[in-house]
Every structure is written in structure tokens, then in C-alpha cells.
Amino acid sequence: MKYLGIEYNVKNMPVLDENFIPFGVWANEYLKEATHPIKVAVERENGLISVRETSIRGEEFAEANLRYVERFVKFMLWSTGGFRVYICGCDNITEQIAAAYTPEGERSFDVGFVDDVYEKPLEVIACSEADFPAANEAAKPIGGHMEGCRIGFDAGGSDRKVSAVIDGESVYSEEVVWFPKITEDPTYHFNEIVTAFKTAASKMPRVDAIGVSSAGVYVGNSPMVASLFIKVPRDRREEVKSIYDRAAAEIGDVPIVVANDGDVTALAGYMSTGSGAILGIAMGTSEAVGYVNASGNVLGWLNELAFAPVDLAPSAMQDEWSTDYGVGCKYFSQDAVIKLAPAAGIELDPELSPAEKLKVVQALANEGHEGALDIFRSIGVYLAHTLVLYSSFYDIRTLLVLGRVASGVGGDLVISECNRVLAEEYPALAQQITVTLPDEKMRRVGQSVAAASLPELQASLPEL
């Protein structure tokens, strides 16, 4: 197979998407004859900087060079996060990328997102070797605190889960359907969160701490960008930024820590296995990703791989929110299932919600419908080829797959197909990475229980 003059070899294609061009696989072939070195740095808060060195080909591959560097920069922005991009060694390409990352350019969504998260404008800067910044990373511990009476809250897009946890053991858990993503009034969100907190609090003699796992990007406990609040008007953003602290105040003067649900997923895996270098992917409303390193620490990265490139195919589906094509949320979420349904011969009622459409396909898969089974097989193949890309940015020893898409027979197929393709095409990765669903021990830990462990208590506790 060939794309932009670069030959690449993929033996196993998704049965329902034969146009798929895995970015990581294509990039590896592209780099084999790339001899001109370039460097990319992305700066985020507090002077933290991530640096990557790579290469490009000669001028005869101008189109491929631009495509590679643009997608590489895009992946860095959404994996590490940041508001300032430095590129050294390809000023002409940098100029074209800078033009795309403007409020009027192709990547205007990215520009707005960065401004919302960091409250700084996004800059793309061509710089010399002398002006190129040094890397400055700072991993930090996350959670794992089990003592006392804790509330763990998992704010999903379709349901909210809360646990009452005493000394690491869940004494009460509940799941409640809610509708945050279609509700404009943040008072609705606030009241639902407080109700969950109060329900859990009523099951314990006291509350010592509250931990929250939620999709989105957080600075402190403030949701800077979060899909849960996508319908809330911008002029009410300040209410959203303080929503979790205000909800905790309804319980009392207790510490609260809010973390991205992907990082809490990876934390739950670390807590249940005692091993690190875990990338957690929750395939639900979107693709939520988190990572803990070999020591069980988070990197302080954005890890918003829902918007990071996966597929280079010109026919790749467009993401309605970011307006980009071939990004992760259309491959590792309920949107992926819905996207593949027509090719599988499955007609879904347009009046159904995305979650309801997923349930229809899952029910067909459980009945042995071959088209429905092919949907989950295709997602497993997507995942195997994408691990070539993800493993070039993250040191992965365990890939933990969670979320509604991974439940039932479909989840088993995603895992088995992923492992099959890894073994056949990428044996070194198959030896390095364990791709798995949560085991029973992790299910007992759970997302909301791991969330409860986020706050560290400063004072000694009274006996129960």
C-alpha cells in the first residue's frame, strides 16, 4: 500500500474499514529514509516542556513531509498539552503549521481549546538550534490514599457513579442516569453532584475527603474544558470552574481533588496490580486516556488522545467537535461503533441516543450477529495498529481497556483481535505490552473507589 509516495505494509485491515491508514505504521516507513533532523518542543504551565526529535525526507517528498510534521505536532499537542510549540529544522513547514493554528485556520478548534485550558494564546514558533528549549518534565504521584471515610465520584457522560469508601473498602455504590451533556443550566449539574455526594455521605459516620474522576482538563479542581459542560454558555463558565469546590462545601470543610478520568483509570490499574507503565483507554462517550509511569506517577500531560490523529486516510470520518479527520474519538468510542454500523449492514434508528445505539449493536453481538461482531473486531484491529503510534510516545507495559464499548462479547473481541494482530504483525510490541480488560480485582477497586483515594489527608483521623 502507498500513501503520499510512501510504501507501507499492513497485513490485517479492519474488515469494515479497508481504507484505514494507521498513522504510526505509515510514519515508521516514512522515517526509514528520513535523514534531515528536526526537533519539536511543546511548552505548558510552569515552564514544563516536552521535547521530541525526529526527521523528515528530502524536498521531493514535500507533501509527505508536511503531512508527517503536521500530524506529529498535532499528536504532541494533544498528548503532552501546551500553549507554545517550538519547531527547529524546517522553517517552511513551520510557517504552514503556524498558519493552520490560528483562530481563522484549519486548527481553530485546537487554538480555542488551548486558550480555554491555559488561558494563553497558542503560538507556533520556528526557532534555531541555539534558541531551542531544553526538556523540563515533572512526573508527580497521584492518589493511592486509602485511610478514612471517603467519597469517590465518577462523572460519566451518561451516568454518574458514587461510592462511599471506608479504609479502602467500598461500603456503598450507586449509578444514576443523568444528562449533563445536553443541559445548559449549570445549576442542574451542581444539584446532581451534591445529591451524589450527600447520598454517599449518608452511608458513613463522617466524610474525610472527596475524590472526583471526570472527563476533561482540570487546573486545580476547575474544569477548564470538559464535555460534561459542553452546553453551558460561556458567560456562565465561572460557575462551572468552581462547581466541584462548591459541591464539596455542601458536605463540609473537607479536602477535594478532581482528576481526569483517564488518569484515574490508570491509577485504578496501578492500585489493583502494583505495576506501572499503564495506559488506560476508556471507550465510552469519547476516548478517555490516562497514563501512569513505571513508578505509578502521572506525567502532568494532557492525554486528550480523543483529538490526536490515528488515521491518515482521506476518507476518514470527521469529528464534529474538533472538525479534524481521523482522530481517536472516531475509533475508540461509541462513535466508532455507530460509524461502522452501516458497513456491517446494521441500520440504527436516528432517534436513538448514541448510548442507545451502542446497546442495540451490543445486543446483536451477544446474539451472534456477524456484522455486529465485525464492528468490534474492526475496533480491535484499529487498536493494534494504533499501539504502534501510542507506544512511540508512551512507555507502555499494560494497556487497560475500559468503558461501555469494552463490555460484553464486544469487549472480548476487541482484546482478542488486538492481541492477534500484535502477535502477527508487531511481535516485539506483543511481547512488551499486555492488552487486557479489568480483572475482578480492578473491578472491585473501580473508578469511583480509585477516585476516592485522590486526596491526601494532612491531619490524623479519629477512630471510627
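Provided above is the structure to which this section pertains.
Residues numbered from 1 in each chain as written. Predicted model: local features only at pLDDT ≥ 70, side-chain atom pairs only at ≥ 80, totals over all residues. Heavy atoms only, no water.

Draft legend 1. Quick look at the pairing of strand β10 (residues 169-177). As paired strands, strand β9 (residues 159-166) and β10 are joined by eight bridges and run antiparallel to one another. Looking at the pairing, A164 lines up with Y172 of β10. Once β9 ends, the chain turns through two residues before running back antiparallel as β10, passing D167 with a positive phi of about 50 degrees. (Pairing = 2+ DSSP bridges. Helix = DSSP H or I, 4+ residues; strand = E, 2+ residues; numbered from the N terminus.)

Draft legend 2. Here's a closer look at a negative patch on the surface. Judged by side-chain charge, E347, D349, E351 and E356 come together as a negatively charged surface patch. Its location among the elements puts E347 in the loop between α9 (334-340) and α10 (354-366). Look at E347 and you get exposed, because its relative accessible area is 79%. (Patch = residues over 30% accessible without salt bridge, like charges linked within 9 Å, V, L, I, M, F, W, Y side chains within 5 Å. Areas by Shrake-Rupley, 256 points an atom, 1.4 Å probe, with all protein chains shown as cover. Salt bridge = Lys/Arg side-chain N within 4 Å of Asp/Glu carboxyl O. Lys, Arg positive; Asp, Glu negative; His and termini not counted. Charge placed at Lys NZ, Arg CZ, Asp CG, Glu CD. Buried < 20%, exposed > 50% of the residue type's maximum accessible area, 1.4 Å probe, protein only.)

Draft legend 3. Quick look at helix α4 (residues 108-118). Among the eleven residues in α4, eight count as buried, and that is most of the element. When α4 is considered as a whole, its buried residues turn out to be F109, D110, V111, F113, V114, D116, V117 and Y118. Contacts from the buried residues of α4 go to α2 (62-80), β12 (217-219), β13 (222-225) and α6 (237-241). (Contact = heavy atoms within 4.5 Å.)

Draft legend 4. Main features of the packing of α2 against helix α11 (residues 370-393). Put simply, α2 and α11 touch, their axes get as near as 12 Å, and they point 65 degrees apart. Put simply, α2 runs roughly perpendicular to α11. With respect to the hand of their crossing, α2 and α11 are arranged in right-handed fashion. Here F72, F75, M76 and S79 of α2 come into contact with α11, specifically with L389, Y390 and F393. Here the contact of α2 with α11 is composed, by residue class, of six nonpolar, one polar and no charged. (Axes fitted to C-alpha atoms, helices over the stretch in contact; angles between N-to-C directions. Parallel < 35°, antiparallel > 145°, perpendicular 65-115°, else oblique. Left-handed = near helix turned anticlockwise from the far one by under 90°. Nonpolar A, V, L, I, M, F, W, Y, C, P; charged D, E, K, R; others polar.)

Draft legend 5. Geometry of the pattern of salt bridges. Overall, the coordinates contain 33 salt bridges when judged by the stated rule. Residues E239 and R236 are paired through a salt bridge, measuring 2.8 Å at the closest nitrogen-oxygen approach. Judged by relative accessible area, E239 falls into the partly exposed class, the value being 30%. Take R236: its relative accessible area is 26%, and that puts it in the partly exposed class. A salt bridge links R420 to E417, with the shortest nitrogen-to-oxygen separation between them at 2.9 Å. With R420 and E417 both in helix α12 (residues 408-425) and three residues apart, this pair spans about one turn of that helix. Classification of R420 by relative accessible area gives partly exposed; the value is 29%. Classification of E417 by relative accessible area gives buried; the value is 14%. Salt bridges linked by common partners bring E70, R71, K74, R107, D110 and D324 together as one network.

Draft legend 6. Focus on the packing of aromatic side chains. Scanning the entire structure with this criterion turns up 25 aromatic pairs. Here W78 and F307 contribute two aromatic rings whose centre-to-centre distance is 4.9 Å and whose plane-to-plane angle is 55 degrees, an arrangement assigned as tilted. Linking W78 in helix α2 with F307 in the loop between β17 (297-298) and α9, this pair joins segments that are 229 residues apart in sequence. The exposure class of W78 is buried, given its relative accessible area of 3%. For F307, a relative accessible area of 5% corresponds to the buried category. A network of ring pairs unites the aromatic residues Y3, W26, Y30, Y68, F72, F75, Y390 and F393 as a single cluster. Between K120 and the ring centre of F83, over which it is positioned, the NZ or CZ distance is 5.2 Å. A cation sits over an aromatic face here: K339 above Y331, 3.7 Å from the ring centre. (Phe/Tyr/Trp six-rings, centres within 6.5 Å; stacked < 30°, edge-to-face > 60°. Lys NZ or Arg CZ within 6 Å of the ring centre and 35° of its normal.)

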